[in-house]
Amino acid sequence: MRQPIIAGNWKMFKTRAETSAFFDALIPQIQDVEHCDIVIAPPFISLATAAEEVDGTRVAISAQNLHWEENGAYTGEVSVRMLLDAGCKYAIIGHSERRQYFGDTDEWVNRKTRAALKGGLQAIVCVGETLAERDAGRASEVVRRQVAEGMAQLTEPDLSHIIVAYEPVWAIGTGRTATPEVAAGMHAEIRKIIAEIQSKAVADTIRILYGGSVKPDNISALMKKEDIDGALVGGASLDPASFAAIIKYI
Ligand code: 13P
């Protein structure tokens, strides 16, 4: 039985005051929720504020990125130790925006993932093809490479701290959600790839989230699919009412 996860990725939105206001509005709306894990990923600067706001609730806080070194002359970067100190339990790694705008490679994704796991964070590793790659019939090949290289050199116990997020780039922020069938098809493929590179037992237990224009009105259909174990929500996670509605998809 895989416990579903609904995660919100705020990207570069919200100040600390806006973060506090969000949780003041969200927490009362999700008091009775037990069917899923709930995660919010604010920008670095608001992580500690967010962690204080969710203390004693079932909401966990995630970083959106990290550096693999513990300390050092890496201007502008943040280490796993600092994220733990700020109250993080999760870290998003390899988001397509990091790959596209900031040069994150599969090798970096792997280094970051290994650093996160070593430090005790749960890693939400993002994969997904661009529209050009899908149109060229290369979606499966691209996702296979991202999964295999991003998760290279990991042991079976490591994999129990990994969550995969399938986010087709053409569905992010475009309002063009993958249909539940397309998403579920790729999730099944990802599970197959993990079975090949690790084991069927790991593939059966690893949680795979879908991301890309998830909204209150499409979450239920996505979550009905057997291989979809949750969602990584961008825009619709910024509003407490819409994020609460997504959390309460059942
Ligand atoms: P949207 O939900 O805004 O499409 O963003 C998805 C995403 O990139 C989550 O990480």
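Everything below is about the structure shown above.
Trainee: For the site of the ligand, give the residues involved together with the corresponding values.
Mentor: Inspection of the region around the ligand gives Asn 9, Lys 11, His 95, Glu 167, Ala 171, Ile 172, Gly 173, Gly 212, Ser 213, Leu 232, Gly 234 and Gly 235 as its neighbouring residues. Surface burial for the ligand is 97%, taken as the share of its 310 Å² of free accessible area covered by protein chains. Its residues assigned to classes, the shell around the ligand comprises three nonpolar, seven polar and two charged.

Trainee: Please set out the pattern of salt bridges residue by residue, giving values where relevant.
Mentor: Taken as a whole and assessed by the stated rule, the structure comprises 16 salt bridges. A salt bridge links Arg 111 to Glu 107; its shortest N-O distance comes to 2.7 Å. Separated by four residues within a single helix, Arg 111 and Glu 107 lie in helix H5 (residues 106-119), roughly one turn from each other. Judged by relative accessible area, which is 32%, Arg 111 ranks as partly exposed. A salt bridge links Arg 138 to Glu 141; its shortest N-O distance comes to 3.3 Å. Taking relative accessible area as the criterion, Arg 138 reaches 32% and is therefore assigned partly exposed. Since its relative accessible area comes to 47%, Glu 141 is described here as partly exposed. Each of the salt bridges in this network shares a partner with another, and the network as a whole consists of Arg 2, Arg 191, Asp 227 and Asp 229.

Trainee: Talk me through the side chain of Asp 227; I want residue IDs and the actual numbers.
Mentor: Note on placement: Asp 227 falls in the loop between helix H11 (219-223) and strand E8 (230-233). Judged by relative accessible area, Asp 227 falls into the buried class, the value being 18%. Look past the residues within four positions of Asp 227 in its chain and what remains in contact with it is Arg 2, Ala 184, His 187, Ala 188, Arg 191 and Ile 208.

Trainee: Let's hear about the state of the cysteines: which residues, and what values?
Mentor: Under the defined criterion, the tally for this structure stands at zero disulfides. A disulfide-free cysteine, Cys 36 has its sulfur positioned 18 Å from the sulfur of Cys 126, the nearest such atom. Given a relative accessible area of 0%, Cys 36 falls into the buried group. With no disulfide partner, Cys 126 has as its closest neighbouring cysteine sulfur the one in Cys 88, 15 Å distant. Overall, the relative accessible area of 1% leaves Cys 126 in the buried class.

Trainee: Go over the packing of aromatic side chains with me, naming the residues and quoting the values.
Mentor: Applying the stated criterion across every chain, the model contains six aromatic pairs. Taking the centre distance of 5.9 Å and the plane angle of 35° together, the rings of Trp 10 and Phe 23 count as tilted. Highlighted residues: Trp 10 in the loop between strand E1 (5-9) and helix H1 (16-29) and Phe 23 in helix H1, separated in sequence by 13 residues. A residue is classified by how much of its surface remains accessible, and Trp 10, at 0% relative accessible area, is buried. Note on Phe 23: relative accessible area 1%, which makes it buried. A network of ring pairs unites the aromatic residues Trp 10, Phe 22 and Phe 23 as a single cluster. One cation-aromatic arrangement involves Lys 14 over Trp 10; the distance from NZ or CZ to the ring centre is 5.3 Å.

Parameters and conventions
- Residues numbered from 1 in each chain as written.
- Predicted model: local features only at pLDDT ≥ 70, side-chain atom pairs only at ≥ 80, totals over all residues.
- Heavy atoms only, no water.
- Near = heavy atom within 4 Å.
- Areas by Shrake-Rupley, 256 points an atom, 1.4 Å probe, with all protein chains shown as cover.
- Nonpolar A, V, L, I, M, F, W, Y, C, P; charged D, E, K, R; others polar.
- Salt bridge = Lys/Arg side-chain N within 4 Å of Asp/Glu carboxyl O.
- Helix = DSSP H or I, 4+ residues; strand = E, 2+ residues; numbered from the N terminus.
- Buried < 20%, exposed > 50% of the residue type's maximum accessible area, 1.4 Å probe, protein only.
- Contact = heavy atoms within 4.5 Å.
- Disulfide = S-S within 2.5 Å.
- Phe/Tyr/Trp six-rings, centres within 6.5 Å; stacked < 30°, edge-to-face > 60°.
- Lys NZ or Arg CZ within 6 Å of the ring centre and 35° of its normal.

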